[in-house]
Amino acid sequence: MPPTASTRILFVGDLHLGRLPAHAPVGLDARTLGPEAAWNGIVRWACDSDHGIHAVALAGDVVDGDNALFEAYGPLEKGIGDLIAAGLEVCAVAGNHDTQTLPRLARVLARGFHLLGPKGTWSEHVVSPEGRPSVRLVGWSFPRDHWDRSPLETRPPAPLPGVTTLGLLHADLAGGTSRYAPVTPGDLRAVGYQAWFLGHVHRPDPPTADGTPFYLGSASPLDPSETGVHGPMLVEVGPDGSISRERIPLAPLRWAHLDVSCSRDPSDTAATVLGAMVEHARGQTADPGPLRALGFRIRLTGTSHDPHAQSLAVEKLESQELVAVHGPVSLFADRVECAVTAAYDLAALARSDDPVGLLARQVLVLEDPRAAAALVPDSDRLAASLLDEAEERWKAIVRQGAFRQVGLEPEGREEVRATLRLKLAEAGRRALDAIMSGRRGDDAPA
Amino acid sequence: MRLLEFRSDRLPGIPTPFGFAAGPGLNLVVGPNGIGKSSFARALHFLLWPRRGQPSTDLAVHADFQVGTHVLRAGYRGVGDVSWTREGRAVPAPDLPPESLAACHHLDVLDLMPILLHEDDVRLAEDLMKELGGGVNLVRLRDQLFGGRGTATRGKQDEFRQADARIARIVAAHRGLLDEESALGELTADREAALRARTRLTLLEQVQKRLERAAEAELARRELQTIPAGVEFVRPGDPEDLDRFRTDVAARLQEREGLRQELAQVEADLAACRLTEDPLPVLEPIRNDARTLRELGGKFDQAASQRNQTLARLEEAGRDLPGGAIPPGRWEAIDAEAIRALVQHTGDLIQHRRSLAALDPTAVDDGNPGTGADRIFMACGMGALVLGAAALLGFGLREAGLAGIVLGLSLLGGGLALRAQGRASRRRNRELFDAARHAAEIAEQEARRRYTTACERLGLAAEDADPALPLVLQAALEARRARADADRSLAECEGLESRRVDLLAEINARLAPLGAAACQTVAEVESTLTALTREWERRQALVEKRGEWSARLADCAAGLARREQEIDALLSRLRLQDDPDPAREVHRFASQLPRRKQLASTLLNLETVIADLDGEIERGRDLFPGEDPTALDPAALSARIERERELADGFAGISERIGSIRKSLELARRGHELQEALAARERAKDDLLDILDVQLLNQCGRLMLDRARGDHRQKTRPVALEQADRYLRSFTGLAYGLALLETGNEDPAFTAVRLDTGTHLSPAQLSAGTRVQLILAVRLGFLGSLGSHARPPLVLDDTLGSSDPVRFRAIAVALGRLCAGGDRQVFYLCPRPGEAEAWSGIMQAEGLDAPRLIDLAAIRGRAESAGPHILRAMDAPGRTPPEPRGLTASEYGERLRVPRVDLRGDPGALPLFYILTDHLDRLHVLLLAGCATVGRWESAREGLLAAGILDDDRATALEARIKVWRRFHGAWAVGRPPRVPLALLEESSAVSDRFLDRVADLLAKVDGDGAALLAGLRGGEVPRFQKANVDQLQDELESAGYLDSRRPLERDALLGAVLEGAGEEIRSGLLDMETVHRLVDRFLAQE
C-alpha cells in the first residue's frame, strides 16, 4: 500500500554540548542560553507528538571536544534516551569534535541510536515509519579529530531508485587543504542524493530546494559572529518523494549585527543604540518561542563634524550595560563600535601635498585602488609598501607571548594582508577624521 | 636692521652715562667683568622685546637702528613702554621677529647652565615639528590617537592563563574520573568477592564460636557435678527458715513451762477462797439496810445539833437585855405583846426628844440690823450726795451737782425704808417659836410616861430610853421560839436511835452465815459488805484466769508440734534427716545454690547457642563446597578466618570508592564547571584578540602617520633645521649633526647625532661645549627662517669660553659668515681682550671683515667694576642666585634649594655648595658665573679663571677640596655600585617585554640596587622569570660595573683613603685636618 503521509525528520546542526556562550548578558544565566538548553528544547520539541517527528539526525560536533567526557555526555545521553523512549530513531555522524563521544554513546545505547559511517566509512540507516515513505539516511563520520582528505575518497552508497536518500555529513565545503574533511558542493551533488545536510560551519545557510549541500548551522550560537536564526531543520519527505525544509527557531539566544546611524548629539548615543535594538527586536521576534536573549554588536555609522566626540561617546558606553527587554526576550549590546567619519572628500584631500594630503593618498590607495591609480603615482607600490610594513608590524604583534598563547588560527598571507588593508584604511580614516575635525596635536598629550 | 648707536643714561648698577657707536657685521664688546657688557646686552634685548624683560626705573637707554632706509630710535626712560621714534616722531615698532624667536638673538653664559633644553629651545623645536607636519603636530597626534598598546594586556593574559589552567585542571580531573569509571567493573568484582568473603567469614566465626561454646559447656557441666545433690532442692530461705523454726521451738517449750506454773498458782488461789457461792443475793438487802441505818443516824445528829443551836441563841439574847441576863424561867413570862408595846413607846419617846431639841431658843436672832439691800441703797445715796456736792461746789456744775444730790437723797431714803421693814418681820417670828416649844415639851413628857410603864411591865429598868432595846427584845422572842423547836427534834431523835439499833442487829444476823464478824456501826457494815464483794470478785477472776491459762497452754503445745513437723519436712527435703549437723549442711547447700543455678543456666544457654550455631553452620555449608569448616582444628580455623577477614575488610573501602566514583560521575555529568571555564577562556581570548586588534590598529595608524610625515619631510625639510644642522656640523667639525627628537608625549627636543655612529644624544648627554654649540647652532639656524621680519642684531654674551680652539674657530667663522652678507649684525661680548685678537685673526684668515672692537672700559673711561650684581636687575626671575649676605650656610643652601647629594650618581654633579659652605661669597661668585657643580667647574675652569671669577689661589684651594670629594667618592663607591639604569634593562636580552614592567618595578623597589634586584628575581618576586635569565642579567650587571661584592668602607676607612689621597694638599697647607674631617662628615651625612 503506497504511503499517504510524509516522514518527518529533524536535522540538528553543530550542538557543541559542553560549551557555554562566552558572551551572555548580565543577569541571565549563560546555561539557559547555551547548547544544553537548546538541546533540551530540541528534545522536548521532537518528543512532542503534535510535531509528528519520526527521527532525529545529528550532523556532528554534537559535543564539544574540549568537554566531551562528562558535562557534554550527560545531557546528550539523557536527551537521546528521551528521544528513543519517545519512539524516535536517532542517527548521527561524528564531527571533528566528537570522534570519541558518539562511538562511545553508540556502544552504550544499543538500540535506537545509529552512528552512521563509523571509522571514516559510509553507512546508512533507513527510517521507515509505518504507512509513510522510507527515508534512507547515509552518513560518514570523522575517524579522527582532523581529516584532511575528502570523505568522498571512500565511495558512498549509490542512490536507490524510488527511495529518498539524504546525505548527513560533517565536512568543510570550502574544500582545498582544510583539515576538516574538505569537500566541494559539486562533488556532493554528483553523488546523486536528493539532499545533503552538513555540519561544521556554525552560521546557518538558507535551505536550498535544489539539493545543493548547505550548512545546518549551530543549533544555538556560541559566538556573536553566529548571527541569524538558529535551530534544527525540519525535513518532511512527502509520499511523492518531495522534500520540504523548515528551520525551527529553538535556540534560546540569537545574535545580530546592526549598523546604527549616529545621532547629531553624541550624548544621545546610548538612547539611539537602545532604540535601534528595540526596533530590531520588534521586527525579529513576533513570536519569540524559546528565544530568551537577543545580543547585538552595534556599529555606529554616518558622518559627523566631530567624529572624535562620537568616538568618545561610544567609549563611554563601554562602562554601561546597554540592556532592554522586549517581551520575554532580553536585549543586550555586547559591543558598540564607532565608525563615524568626518565629512570630507578623500580624493580632494589626496590632491594636496601636505601631510594630510599624503595621508589621504594612503587611505585612498588602500580603500579604492582604482580611483587612487588615477590620482596617485605608483599607487600600487604605495599600497604594497604600506602592507609590507604593516605585515611586519603584525608579525611583531602576534609574536607577543600574550597572543601566542591564545593560539591564533593560522591564516593565509592574503587573508592577513586583506585584514591589514582594512586596518590601515581604518586607522588612516581615524587620523583624517581627527585632523579634519580640527585636531592639530597641540593639545596636551593623551 | 642694524644698531647704529647705543646710549645709556643709566643702567642697573651703572648710573653713569655712556654710549658707543656700533659697526655693521661683527662687533666685539670687550671689557672686564662689571664694566656693563651684559647690561648692554640685556638693555638692547629689552628695547627689542620688552615683554621678555623686566622694566626697571634704573634703566634709561636708547638705541638708534637702521631699518631699511630709516633710522629709528628705541628709547626707554624707566617708566612706561619702549618708544619708537623717527626724527623725534613716534612711529610703530619695526616688524621684529616674534618673541618665540627672540632667544635666537641673545645667548648668554646662563644658557649654558641647564642640562635640558631651555624653554625657548623647546618652543623652537615645537615650531619645527609643526612645520614638518604641515601645520599639524603629527607626532603628538599620532601618539594621542595610536599611542596605547591596548588595554590591560597583562591582566587579560593572566585571565586567559588562569582559565586555561582551570580547564587543564578540570580536564585532568575528568580524565582521572574516566579512568575511575573504567575501573568500576573491576571494583565491582572486588566488592562482590569481598562480600562473599564477608559471608564466609561470618560462618567461620560461627564455627569458631561453636567450638568455644562447646568447651564452655563442658566446663560448666563438670563443675555442676561437684555440687551435692541436696543443693538442687535447697531453697534460698531454707537456712533462715531452719534457724527460725528451731528458735521458735525452744521459745515455745519455755512458754509451756511458764504456763504450767501459772495455772498451778491459780488453782491454789481458788482453793483458798471462803466464798464458794455467789453472796450477792444476801448482801444486797443488807446493803439497803445499812443505807437506812446511815439515814437514821443522820437525822438524829441533825436534830441534836439544832437544839443545841437554839439554846445558845437564847442564852445570847438574855445577855443582851437591859439589866443583864434574863434569869432562867423568865423567858416563859415575857409577853410578846408587851414587847411590841415597849418597842412602840421607846420609839415615840426618842422622837419627841428630837423635836424638843430642834426648838432651841438660843437659835432665834434679834439683833440683825437689816438686809444687804438697805446697806447698798444707803452707800449709793451717800456717794451720789458727795459727787453732787463736789460737782456743784468744786466744779461749778450746777445742774449735775443738783442732780447728784437729788439722786443721793433718793437713795438714802430708799435705804432707810428697807431697814424699817426688816425689823418688823423679826418680831413676829419670835412669838411663833415660843408657842411651838411649849407644845413639844408637853408631848415629850407624855411619851416618857408610857415608856416607863412598859418597862415596868416587863420588869426592866426604865432609866432611859435605849433605841436598841426593841431589837434585843425581838431577838429574845425569836430565841424562845427556836428552843421550842429544838426540844421537839430531840424527841424525834431518840426514836430514831432505837430503830437504828434494831436494824444493826438484824444486819449482823444476816452477815454471820457469810463468815463476817459482827458490826457495830454503819461503817463497819459497809466495810464488811465491800470486803465480801471483793472476795467474790477475786474468785471469779481466778476462775477466768485458770481458763485462760489452760487455753494458752493448749495453743503452745499445738504450735510446738507444728514447728517440729516443719523442721522434719525441711530436713527430709534436703536429705538431712540423719545428718548430725543439719543446720550447717543447710547453710552450705544454700551458699552453693547460686553457683549451681548459674552453672545450670549457663549450660542451658550454651546448649541453646550451640544448637543455633549448628543450624546456621548447617545452612551455610554451601559456602564451602567440598570442605567441612567444622572439621577444621582451631588453629586452621583461625588462620582461615584471618584470610577471609582480610578479604572482607576491603568491602567498605571498595563500596565507598564505588559510591564516590559514581557520585563524582554524576556530578561531572550534571556539572558546568568546565563549560564555565571554557567560556571564561573564550572571553579572555576574545578580549586578547580585541587588544590585538587595537594594537594592530595603533600600529597601522602610526605607520600611516609616520609615513605621511616622513614623505612630507623628505619633500619639505625646514630651512631652519637645515641651517642649524649645517651650523652644528660646522661647529663640531662634522662630528655631530642636528636632529629633532619627536616623542609625541614629551616635549620635542633637538638632539645631536653622532655622524659616525648615528647615535642620538640629548643635550644632557653632551659635554658642555657641544651643548653650547648645539644651542648656538639651533638659534643661528632659526635666524635664517625669519622670512620678511626685520633682522635685529645677534648678541652672544661670552658663550664660547669653554670651547676648545678648534670649535671656537668654527663658531667664529660661522658668525663671521653670518655677518658677511651685510644684513646681520653680531655683538660678541667677552671679558678677555686676548679673545678679541683671536677673533680678528680668524676673520682675517677666513677673508672676512675684521670685527669692530668696542672697548667698553675705554668708553667708560675707567676700569671700575660695578660687581656681578649688575647682572641681577634684568635677569629673569629665579635665574640669579641670591646673595649670601647675612645668611648661614644652611639658610643659604635652603635659599638656593641645593639638592641632596646622590652618592651613587655622577661625582661631577656635586653642588659646590657642599664644599664651600665656609666661603659663601666665593660660592656666590661662582654661581653668578653659572658654575654650580664640580663638573661645571672642571669644564669651565679656564674660562672662569680667565674671566677673573676666581683667582688662582682660590681656585687651587677649591680644587683641593674637590680632590677630597673625588677621593671620598671613589672610596665610598667600594661595595656601593651605581644604580642600575632602566635603560640597561630595556636593552638587556635577559629581560623580555613580557617581564620588563615587572622587573622595572622591582628595580624601582630596590632603588636601583643591582644585587637586591638579582636577589628579588631569585626570590621569585617576578613569577616565572627564569633562572637562566637571572644568571644572564647578573653577567650583564657585573660587566657593566653595577655589582660590587666588596665590603663597603666605614668612616675611618673612608677618612684614611681621603687623607692618603690628599696628603700633598694637607702638607702644603691647602687643606687642614679639620676641613677634611668636616667635608667627609658632610658627605657621609648625605647617605
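The coordinates are above.
None of the values given here were measured: they were computed from a predicted structure.

A.B. asks: A description of the pairing of strand S3 (residues 26–30) of chain B should follow, citing residues and the corresponding values.
C.D. replies: Residues and elements named next belong to chain B. Where burial is concerned, most of S3 is hidden: five out of the five residues are buried. The alternating pattern of S3 places Leu26, Leu28 and Val30 on one face and Asn27 and Val29 on the opposite face, and all of these are buried. Bridge analysis of S3 against strand S13 (residues 826–830) gives five bridges, and the strand direction is parallel. Bridge pairing links Val29 to Leu829 in S13. Pairing of S3 with strand S14 (residues 852–855) involves four bridges; the strand directions are parallel. Paired with Asn27 across the bridge in S14 is Arg852.

A.B. asks: Please set out the packing of aromatic side chains residue by residue, giving values where relevant.
C.D. replies: Counted under the stated rule, the structure contains 20 aromatic pairs over all chains. Between Phe11 of chain A and Phe197 of chain A the ring centres are 4.0 Å apart and the planes differ by 25°, which places this aromatic pair in the stacked class. Taken together, the residues Phe11 of chain A in strand S1 (residues 7–12) and Phe197 of chain A in strand S8 (residues 195–199) connect sequence positions 186 residues apart. Here Phe11 of chain A matches Phe197 of chain A in class, with each residue buried. Pairing Phe995 of chain B with Phe1025 of chain B gives two aromatic rings, centres 5.2 Å apart and planes at 85°, and the pair type is edge-to-face. Here Phe1025 of chain B lies in the loop between helix H27 (1010–1018) and helix H28 (1027–1039) and Phe995 of chain B lies in helix H26 (residues 993–1005), a separation of 30 residues in the sequence. In this structure Phe995 of chain B comes out as buried when scored by relative accessible area, which is 6%. A network of ring pairs unites the aromatic residues Phe6, Phe18, Phe20, Phe40 and Phe827 of chain B as a single cluster. Just above the ring of Tyr73 of chain A sits the side chain of Arg104 of chain A; from NZ or CZ to the centre is 4.0 Å.

A.B. asks: Describe the nonpolar core, listing the residues and the values that go with them.
C.D. replies: Counting 51 residues, the largest nonpolar core has Leu359, Leu366, Leu424 and Leu432 of chain A as the members making the most contacts within it. Elements represented by at least two residues in this core include exactly helix H7 (346–350), helix H8 (355–367), helix H10 (379–398), helix H11 (401–404) and helix H12 (413–436) of chain A together with helix H3 (138–146) and helix H15 (673–715) of chain B. Examining the composition of this core, we find that 11 residues originate from one element, H15 of chain B, more than from any other. Non-local contacts of Leu366 of chain A, meaning those with residues more than four positions away in its chain, are made with Ala383, Leu386, Leu387, Arg421, Leu424 and Ala425 of chain A together with Met704 of chain B. Within the second largest apolar cluster, 46 residues are counted, among which are Leu738, Leu740, Phe750 and Cys830 of chain B.

A.B. asks: Could you give an account of the interface of chain B and chain A, with specific residues and numbers?
C.D. replies: Across the boundary between the two partners, chain B contributes 63 residues, which contact 63 residues of chain A. Interface area, chain B with chain A, both sides summed: about 5600 Å², of which 64% is carbon and sulfur. Together, Arg669, Gln675 and Met704 of chain B form the three largest contributors to the area buried by chain B at its contact with chain A, with a combined 13%. At the boundary of chain B and chain A, one finds six salt bridges. Counting only elements with at least two residues in the side of chain B that touches chain A, the list comes to helix H2 (119–132), H3, helix H4 (153–182), helix H14 (634–670) and H15 of chain B.

A.B. asks: I'd love a proper account of the side chain of Arg200 of chain B, names of residues and values included.
C.D. replies: All names here are of chain B. If you trace the backbone, Arg200 turns up in helix H5 (residues 184–225). Looking at Arg200, its side chain comes within polar contact range of the side chain of Glu644, at 2.9 Å. Ignoring sequence-local partners within four residues, the contact set of Arg200 consists of Leu623, Phe624, Arg640, Glu644 and Leu647.

A.B. asks: Describe the environment of Ala390 of chain B, listing the residues and the values that go with them.
C.D. replies: All names here are of chain B. Mapped onto the fold, Ala390 is located in helix H9 (residues 372–394). The class for Ala390 is partly exposed, based on a relative accessible area of 33%. Separated by 14 residues in sequence, Ala390 and Gly404 have C-alpha atoms that sit 9.3 Å apart.

A.B. asks: Kindly report on unusual backbone geometry, identifying the contributing residues and their values.
C.D. replies: One non-glycine residue, Arg575 of chain B, lies in positive phi territory at about 60°. Summarising the element assignment, Arg575 of chain B is placed in the loop between helix H12 (522–573) and helix H13 (582–619).

A.B. asks: Can you tell me about the packing of H8 of chain A against H12 of chain A, naming the residues and giving the values?
C.D. replies: All names here are of chain A. Two elements in contact, H8 and H12, have axes separated by 9 Å at closest approach and are oriented at 150°. Between H8 and H12 lies a crossing whose hand is left-handed. Across the interface between the two elements, Val356, Leu359, Ala360, Val363, Val365, Leu366 and Glu367 from H8 touch Arg421, Leu424, Ala425, Gly428, Arg429, Ala431, Leu432, Ile435 and Met436 from H12. The residue inventory of the contact of H8 with H12, partitioned by class, reads 12 nonpolar, one polar and three charged.

A.B. asks: A description of the packing of helix H5 (residues 269–284) of chain A against helix H6 (residues 307–317) of chain A should follow, citing residues and the corresponding values.
C.D. replies: Residue and element names in this part refer to chain A. Contact geometry of H5 with H6 gives a least axis separation of 9 Å together with a crossing angle of 70°. As judged from the angle between their axes, H5 and H6 are roughly perpendicular. Together, Thr269, Ala270 and Val273 of H5 and Gln310, Ala313, Val314 and Leu317 of H6 make up the contact between the two elements. When its residues are assigned to classes, the contact of H5 with H6 shows five nonpolar, two polar and no charged.

A.B. asks: I'd love a proper account of the sheet that holds strand S7 (residues 89–90) of chain B, names of residues and values included.
C.D. replies: Residues and elements named next belong to chain B. The antiparallel open sheet is built from six strands, whose spatial order is S2-S1-S4-S5-S6-S7. At either end of the open sheet lies a strand with only one pairing partner, and these are strand S2 (18–21) and S7. Relative to S2, strand S1 (residues 2–10) is paired through four bridges, and the arrangement is antiparallel. Bridge pairing in S2 links Glu5 to Ala21. The sheet strands contacting helix H1 (residues 37–48) are S1, S2, strand S4 (60–67), strand S5 (70–76) and strand S6 (83–86), and the helix crosses S4 at an angle near 65°.

Rules used in this analysis
- Residues numbered from 1 in each chain as written.
- Chains lettered and ligands numbered in written order.
- Predicted model: local features only at pLDDT ≥ 70, side-chain atom pairs only at ≥ 80, totals over all residues.
- Heavy atoms only, no water.
- Buried < 20%, exposed > 50% of the residue type's maximum accessible area, 1.4 Å probe, protein only.
- Helix = DSSP H or I, 4+ residues; strand = E, 2+ residues; numbered from the N terminus.
- Pairing = 2+ DSSP bridges.
- Phe/Tyr/Trp six-rings, centres within 6.5 Å; stacked < 30°, edge-to-face > 60°.
- Lys NZ or Arg CZ within 6 Å of the ring centre and 35° of its normal.
- Core = buried A, V, L, I, M, F, W, Y, C linked by side-chain atoms within 4.5 Å.
- Contact = heavy atoms within 4.5 Å.
- Buried area = accessible area lost by both parts, 1.4 Å probe.
- Salt bridge = Lys/Arg side-chain N within 4 Å of Asp/Glu carboxyl O.
- Polar contact = N/O pair within 3.5 Å; in protein donor to acceptor, adjacent residues only side chain to side chain.
- Axes fitted to C-alpha atoms, helices over the stretch in contact; angles between N-to-C directions.
- Left-handed = near helix turned anticlockwise from the far one by under 90°.
- Nonpolar A, V, L, I, M, F, W, Y, C, P; charged D, E, K, R; others polar.
- Parallel < 35°, antiparallel > 145°, perpendicular 65-115°, else oblique.

Distances and angles like these do not, on their own, reveal function.
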